[in-house]
Amino acid sequence: MSAMPFGRVEPQALFRYVLRLGDLNLVLGQRLGEWVGHAPALEEDLGLANVALDLIGQARLLLTYAGEVEGLGRDEDDIAFLREHGQYLNPVLVEQPNGDFGQTIVRQVLIDAFQLEMYERMHASTDERLAAIAAKAAKEVRYHLRYSSGWLVRLGDGTLESHARVQSALDALWPYTVELFAEDELDRAMADGGVAPRLADVHAAWLTRLDAILAEATLERPSDRAHSWHGKRGQHSEHLGYILAEMQHLQRAYPEARW
Amino acid sequence: MSEDSRQWPLYEVFVRARGGLDHKHVGSLHAADARMAIDHARDLYTRRLEGISIWVVPSKEITASDPTETDSLFEPARDKIYRHPTFYDIPEEVKTL
């Protein structure tokens, strides 16, 4: 039998899967970072930056691990800053523009609830490294959801204006959530190997959790539509290019810059 | 104090650093409600492991002593040294007094 250093899954498959997890955090962390200096209040500036830093921290752990699994000597910075557009495997939802504060909050609730359900199940992963990262990240994400859902309830159940804005953000972003739960052969291989939870289980729990928040926020859940997004497979919306240009500029202009 | 109606209300923040210690006043912040005040306090005042418990209190609920009455409120205690337990011999073994 050929050596399978990572349990019951192929290293190449595990590498791609860990990139999916890591890129979600990296791209969303970068997006949230755009709020620094622009949030509606100083306190929110710090709140959003805090979430962004947690996400970048999770990205570092995951991308470092991805580099080790790949075994080609790439570290977290190489992977974060020196890949091309099509090599990023984050879902398209996290690269969507921040919009107004309400739209950022809606996107955050959708992702926080997703990450929480993922990480809570990944505690039991057969991959010890992922189990450990998930245990640490779950604590952070539980707070992220507390923060974002608190705001969604405040805005949804707030004024006519704030309600209308978050409802329209929810309608606009909802189609991108379908991709999160569309299981492909990589998701299936990870679930079969006990590395990751089944997306169907995550989806059911996510909907239950989300419905409770939306009910409190007096918001209506849009219906699912067929989607054509495949960020998890490296096919992105036009927005990712701009994020990467900004994020990678320094590394590409001054390779291995330190300060 | 004039309050800008577009500004969120002010909250005073108290943080307990460790179990067994009391909550200490650490500062204030703006928040729309108490839950948001706790979230903000967590992000602003416990980023560097400063605490394990937070209290927030609307600043307007705090009644303060009047600075112009400082003399009558606090001065009279000054010459009543017998209120300090300084007339006891403390055994050497007692370290933390």
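Check the entry above for the structure.
In short, a report on the structure.

Rules behind the numbers
All residue numbers refer to positions counted from 1 along the written sequence of the respective chain. Chains and ligands are labelled by the order in which they are written, letters from A for the one and numbers from 1 for the other. Two thresholds apply to this predicted model, a pLDDT of at least 70 for residue-level local features and 80 or more for giving and counting side-chain atom pairs, whereas whole-chain, interface and lining totals are computed over all residues. Processing note: side-chain calculations cover all non-hydrogen atoms of the structure and skip hydrogens and water entirely. Only DSSP runs of H or I with at least four residues qualify as helices, and only runs of E with at least two residues qualify as strands; both kinds are numbered from the N terminus onward. The span you would expect from a helix comes to 1.5 Å times its residue count less one. Accessible area is worked out with a 1.4 Å probe on protein chains only. A residue is then buried under 20% of its type maximum, exposed over 50%, and partly exposed in between. We call two residues contacting when some pair of their heavy atoms lies within 4.5 Å. Side-chain atoms alone can form a polar contact between residues adjacent in sequence; in general such a contact is a pair of N or O atoms within 3.5 Å, and within protein one must be able to donate a hydrogen while the other accepts it. Cavity: a set of points on a 1 Å grid over the protein atoms alone where a 1.4 Å probe fits but cannot get out. Pocket: an open set with protein on both sides within 12 Å along at least five of seven lines, its lining residues, like those of a cavity, having an atom within 4 Å of a point. Grid points are joined across faces, edges and corners, and a volume is the space filled by probe spheres set on the points. Gly is placed with the polar residues, together with every amino acid not listed as nonpolar (Ala, Val, Leu, Ile, Met, Phe, Trp, Tyr, Cys and Pro) or charged (Asp, Glu, Lys and Arg). Axes here mean lines fitted to C-alpha atoms, for a helix over just the part in contact, with angles spanning 0 to 180 degrees between N-to-C directions. When describing relative orientation, an angle under 35 degrees is termed roughly parallel and one over 145 degrees roughly antiparallel, while 65 to 115 degrees is termed roughly perpendicular and anything else oblique. In this scheme the crossing of two helices becomes right-handed for a clockwise turn of the near helix relative to the far one and left-handed for an anticlockwise turn of less than a right angle.

1. Observations concerning helix 1 (residues 34-45) of chain B
Point 1. The terminal C-alpha atoms of helix 1 of chain B, which comprises 12 residues, lie 16 Å apart, in line with the 16 Å expected from a rise of 1.5 Å per residue.
Point 2. Listed as buried for helix 1 of chain B are Met36, Ala37, Asp39, His40, Ala41 and Asp43 of chain B.
Point 3. Buried-residue contacts for helix 1 of chain B involve helix 2 (42-70) and helix 5 (128-156) of chain A together with strand 1 (10-16), strand 2 (24-30) and strand 3 (53-58) of chain B.
Point 4. Capping of helix 1 of chain B at its N-terminal end is provided by Asp33 of chain B; its side-chain oxygen lies 3.3 Å from the backbone amide nitrogen of Arg35 of chain B.

2. Observations concerning the layout of surface pockets
Residues and elements named next belong to chain A.
Point 1. Of the volumes computed, that of the largest pocket is approximately 790 Å³.
Point 2. Lining of the largest pocket is provided by 27 residues; of these, Ile56, Asp77, Ala80, Phe81 and Trp259 occupy positions nearest its centre.
Point 3. Secondary-structure elements contributing two or more residues to the lining of the largest pocket are helix 1 (11-33), helix 2, helix 3 (76-81) and helix 9 (239-253).
Point 4. It is helix 2 that provides the largest number of residues to the lining of the largest pocket, a total of seven residues.
Point 5. Broken down by class, the residue content of the lining of the largest pocket amounts to 16 nonpolar, four polar and seven charged.

3. Quick notes on empty space enclosed by the protein
Residues and elements named next belong to chain A.
Point 1. Summed over the entire model, instances satisfying the criterion amount to three cavities of 30 Å³ or more.
Point 2. Here the largest cavity defines a volume of roughly 130 Å³.
Point 3. Lining the largest cavity are Tyr17, Arg20, Leu21, Leu24, Leu89, Pro91, Phe114, Met118, Leu180, Asp187, Leu199 and Lys232.
Point 4. In terms of residue class, the lining of the largest cavity is made up of nine nonpolar, no polar and three charged.
Point 5. The computed volume of the second largest cavity comes to approximately 60 Å³.
Point 6. Looking at the second largest cavity, the residues that line it are Leu21, Leu24, Asn25, Phe114, Gln115, Met118 and Tyr119.
Point 7. Counting only elements with at least two residues in the lining of the second largest cavity, the list comes to helix 1 and helix 4 (101-122).
Point 8. At four residues, helix 4 tops the list of elements feeding residues into the lining of the second largest cavity.
Point 9. Each residue belonging to the lining of the second largest cavity can be placed in one class, and the counts come to five nonpolar, two polar and no charged.

4. Some thoughts on the packing of helix 4 of chain A against helix 8 (residues 199-216) of chain A
Residues and elements named next belong to chain A.
Point 1. Contact geometry of helix 4 with helix 8 gives a least axis separation of 9 Å together with a crossing angle of 135°. Compared by their axis directions, helix 4 and helix 8 come out oblique. Classified by chirality, the crossing of helix 8 by helix 4 is right-handed. Residues Val109, Leu110, Ala113, Phe114, Leu116, Glu117, Met118, Glu120 and Arg121 of helix 4 form the contact with helix 8, whose own contacting residues are Leu199, Asp201, Val202, Ala205, Trp206, Arg209, Leu210 and Ile213.

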